[in-house]
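The primary structure of each chain is shown beneath.
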Amino acid sequence: MKQIQGIIKSNYKIADHIYLMTIKAPEICKTARPGNFILISLGTTYDPLLRRPMSISNVKGDHLCILYQVVGRGTARMSQFKVDDEVNLIGPLGNGFNTDNSGSSLLIGGGIGVAPLIFLYEGLLKKGRQARFIVGMKANELDDILAGFSNDIEIARENSPNDGPKLVTDLLAPILKENKIDNIYCCGPEQMYVAIKRICADYTDIFIQISLDRHMACGVGACMGCVVPVRKKGRKESVNLRACVEGPIFDLEEVILDA
Ligand code: FES
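Thresholds applied
Residues numbered from 1 in each chain as written. Predicted model: local features only at pLDDT ≥ 70, side-chain atom pairs only at ≥ 80, totals over all residues. Domains from an automatic or database assignment. Contact = placed C-beta atoms within 7 Å. Helix = DSSP H or I, 4+ residues; strand = E, 2+ residues; numbered from the N terminus. Pairing = 2+ DSSP bridges. Axes fitted to C-alpha atoms, helices over the stretch in contact; angles between N-to-C directions. Core = buried A, V, L, I, M, F, W, Y, C linked by C-beta atoms within 7 Å. Buried ≥ 20, exposed ≤ 12 C-beta atoms within 10 Å, placed from the backbone. Expected span 1.5 Å × (residues − 1).

Turning next to the domain arrangement of the protein chain. Each domain of the protein chain was delimited in the assignment, giving domain 1 (2-92) and domain 2 (105-254). When each unit is reduced to the centre of its C-alpha atoms, the spacing between domain 1 and domain 2 is 22 Å. Listed per partner, the contact involves 19 residues of domain 1 and 18 residues of domain 2.

The next subject is the environment of G109. Summarising the element assignment, G109 is placed in strand 8 (residues 105-110). Taking the C-alpha atoms as reference points, G109 and C186, 77 residues apart in sequence, are found 5.8 Å from one another. G109 has contacts with V114, L117, V135, C187 and G188, leaving out every residue within four places of it along the chain.

Now for the sheet that holds strand 15 (residues 249-251). The 6 strands lie next to each other as 10-9-8-11-12-15, forming an open sheet whose pairing is mixed. Both outer strands of the open sheet, strand 10 (153-157) and strand 15, are each paired with one neighbouring strand and no more. Taking each pair of neighbouring strands and ignoring which way they run, the sheet shows an average axis angle of 20°. Taken together, the 5 bridges between strand 9 (residues 131-137) and strand 10 define a ladder with parallel strand orientation. Each bridged residue has a counterpart across the sheet, and for V135 the counterpart in strand 10 is I155.

With that settled, the discussion passes to the nonpolar core. Judged by nonpolar contacts, the single largest core of 65 residues is most densely connected at I38, L107, I108, L117 and C186. The leading source of residues in this core is helix 3 (residues 114-126), at 8 residues. Beyond its immediate stretch of four places on either side in the chain, I108 contacts I134, V168, L172, I184, C186, G188 and I196.

Once that is clear, we can look at the environment of A201. With respect to the helices, strands and loops of the structure, A201 is situated in the loop between helix 6 (190-199) and strand 12 (207-211). For A201 and A76, which are 125 residues apart along the polypeptide, the C-alpha to C-alpha distance reads 40 Å.

Moving on, we come to the environment of N151. Within the secondary structure layout, N151 lies in the loop between helix 4 (143-147) and strand 10. For N151, a count of 6 C-beta atoms within 10 Å corresponds to the exposed category.

Take helix 3 next. With 13 residues, helix 3 ought to run about 18 Å at 1.5 Å a step, and its terminal C-alpha atoms sit 18 Å apart, in line with that. G128, located one to two residues past helix 3, shows a positive phi value of around 80°.

Turning our attention to the sheet that holds strand 3 (residues 37-40). With antiparallel pairing, 7 strands are arranged side by side in an open sheet as 4-3-7-1-2-6-5. Whereas interior strands pair on both sides, the edge strands pair on one side only; in this sheet they are strand 4 (52-55) and strand 5 (58-60). Averaged over all neighbouring strand pairs, the angle between strand axes comes to 40°, with direction disregarded. Of the strand pairs in this sheet, strand 3 and strand 4 are connected by 4 bridges, and their pairing is antiparallel. By the bridge assignment, I38 is partnered in strand 4 with M54.

Next up, the structure:
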């Protein structure tokens, strides 16, 4: 983990409320892994005070790519950063996805949750691993960014007419029936994880990891503001783990989700 000054190299809108930023940050790029995040400072005025956690959506040489959605004052401030602005960063943070298992992988992204999976997908393909990527979105808001790095992504759209898949989980059941999947990696809303857990209940040998989005204050393990209830395998009692240190990636079977 390092605190550094990054330099904004691009920052532009790709769809309604969705932006792609690239930041020159060689020190962070050297050790970043898929599933890691950075804390990004919003300026020197202390308003908003807290740094924002942002998933690393890709690394291209010395540059971090950050795909983000404007949802409040912090991300609105980020959308105003200009090329050549300096920005204070801490990272890479968090545990990252566990890709030690061999076999085929399925990546499942819900909306802006595709962000960390882009980095993971490219990493798996570079290692020669078999990976498939399915995404759910409202309409076509992420088409440009997804087409930019792969044509092999299957998409479910909420506005799909008639019998087309509307949710990413509509794509999941037939894939599991027709293919041998060894690993599943997901990032999206919590209700998507609940649905995935239900659909995968009969496939107990699949290793499934999820990226959990939690409000973070310190981002480095000090405030306990981001805890996630987890029941470790073979244990009756649950423990609270910090999404910013022990996460944000967790095994789906261990996380106690709000059903
Ligand atoms: Fe403070 Fe995780 S945000 S402990």
